[in-house]
Amino acid sequence: MAMSGGKDDGEPMMEMNTTPLIDVMLVLLIMFIITIPIQTHAVKVDLPVNDPTAQKSPVDPQKNKITISVDGTTSWNGAPVDAVRLRQYLDVAAAMNPEPELHFQPDPQVRYDVVDQTLAVIRRSNVTKLGFIGNEQYYREF
């Protein structure tokens, strides 16, 4: 490699020779590439498997609806339930965090004692988010 000392008139050299700097940088780059360990370790993750035979939980984490039809049949999200099954669903819903909303909609023609028994089951289950649905259509009758 030849080095130039500038012009003969004694002026300083204005251009810097970058070739040795580039050579050193390439050597360092190759050394870093060689010395970096190859990533061979793996993390084992058990992913959930979609089981088509698994039954979906009847308790919706957002909102659930209890309806009572004219004949006195109590339904949870459209499926008929008895008092014991209703209590189980209510206990599951009350234990969720955050607790889902519970909408209660009895038919206007159903006997009051059926509604009262269902409300007693709801009260014993310690559900805190309860709303009556459908009562707004009857506000002028009273």
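We now turn to the structure provided with this report. Note that this is a predicted model, so its numbers are computed, not measured. (Residues numbered from 1 in each chain as written. Predicted model: local features only at pLDDT ≥ 70, side-chain atom pairs only at ≥ 80, totals over all residues. Heavy atoms only, no water.)

### A short note on the nonpolar core
Residues Ile66, Trp76, Leu86, Leu90 and Leu102 are the most contacted members of the largest nonpolar core, which totals 17 residues. Those elements giving two or more residues to this core turn out to be strand 1 (63-68), helix 2 (83-95), strand 4 (101-106) and helix 3 (112-124). Not counting residues up to four positions away in its chain, the partners in contact with Trp76 are Pro58, Val59, Asn64, Lys65, Ile66, Val81, Leu86, Tyr89, Leu90 and Leu102. (Core = buried A, V, L, I, M, F, W, Y, C linked by side-chain atoms within 4.5 Å. Buried < 20%, exposed > 50% of the residue type's maximum accessible area, 1.4 Å probe, protein only. Helix = DSSP H or I, 4+ residues; strand = E, 2+ residues; numbered from the N terminus. Contact = heavy atoms within 4.5 Å.)

### Some remarks on empty space enclosed by the protein
Applying the stated rule across the entire model yields one cavity of 30 Å³ or more. Approximately 40 Å³ is the volume attributed to the largest cavity. Asn64, Trp76, Leu90, Ala93, Glu99, Pro100, Glu101, Leu102 and Val127 together form the lining of the largest cavity. Among the secondary structure elements, those contributing two or more residues to the lining of the largest cavity are helix 2 and strand 4. (1 Å grid on protein atoms, 1.4 Å probe; cavity = no way out; pocket = protein on both sides within 12 Å on 5 of 7 lines; lining within 4 Å. Points joined across faces, edges and corners; volume = space filled by probe spheres on them.)

### Comments concerning the side chain of Glu99
With respect to the secondary-structure elements, Glu99 resides in the loop between helix 2 and strand 4. This buried residue, Glu99, is left without a salt bridge; Lys129 holds the nearest opposite charge, at 6.6 Å. For Glu99, the residues in contact, after removing those within four places along its chain, are Ala93, Ala94, Val127, Thr128 and Lys129. (Lys, Arg positive; Asp, Glu negative; His and termini not counted. Salt bridge = Lys/Arg side-chain N within 4 Å of Asp/Glu carboxyl O.)

### Quick look at the packing of aromatic side chains
Per the stated rule, a full pass over the model turns up two aromatic pairs. Taken together, a centroid distance of 5.4 Å and an interplanar angle of 45° make the contact between Trp76 and Tyr89 tilted. Of this pair, Trp76 sits in strand 2 (residues 74-76) while Tyr89 is found in helix 2, placing the two residues 13 residues apart along the sequence. Each of the two residues, Trp76 as well as Tyr89, counts as buried. Taking 5.6 Å as the distance between ring centres and 85° as the angle between the ring planes, the aromatic pair formed by Phe104 and Phe132 counts as edge-to-face. (Phe/Tyr/Trp six-rings, centres within 6.5 Å; stacked < 30°, edge-to-face > 60°.)

### Considerations on the sheet that holds strand 2
Taking strand neighbours across the sheet as the criterion, the five strands line up as 3-2-1-4-5 in an open arrangement whose pairing is mixed. Both edges of this open sheet fall to strand 3 (79-80) and strand 5 (130-132), since each of them pairs with a single strand only. In the sheet, strand 1 pairs with strand 4 via six bridges, with the strands oriented parallel. Paired with Thr67 across the two strands is Gln105, which belongs to strand 4. Taken strand by strand, helix 2 contacts strand 1, strand 2 and strand 4, and its axis lies near 35° from that of strand 2. Relative to strand 4, helix 3 is tilted by about 170°, and along the sheet it contacts strand 1, strand 2, strand 4 and strand 5. (Pairing = 2+ DSSP bridges. Axes fitted to C-alpha atoms, helices over the stretch in contact; angles between N-to-C directions.)

### Observations concerning the pairing of strand 4
Two elements, strand 4 and strand 5, share three bridges in a ladder whose sense is parallel. If you follow Phe104 over to strand 5, its bridge partner there is Phe132. Note on the crossover from strand 4 through helix 3 to strand 5: the handedness is right-handed. (Right-handed = clockwise from strand over helix to strand, strands pointing away.)

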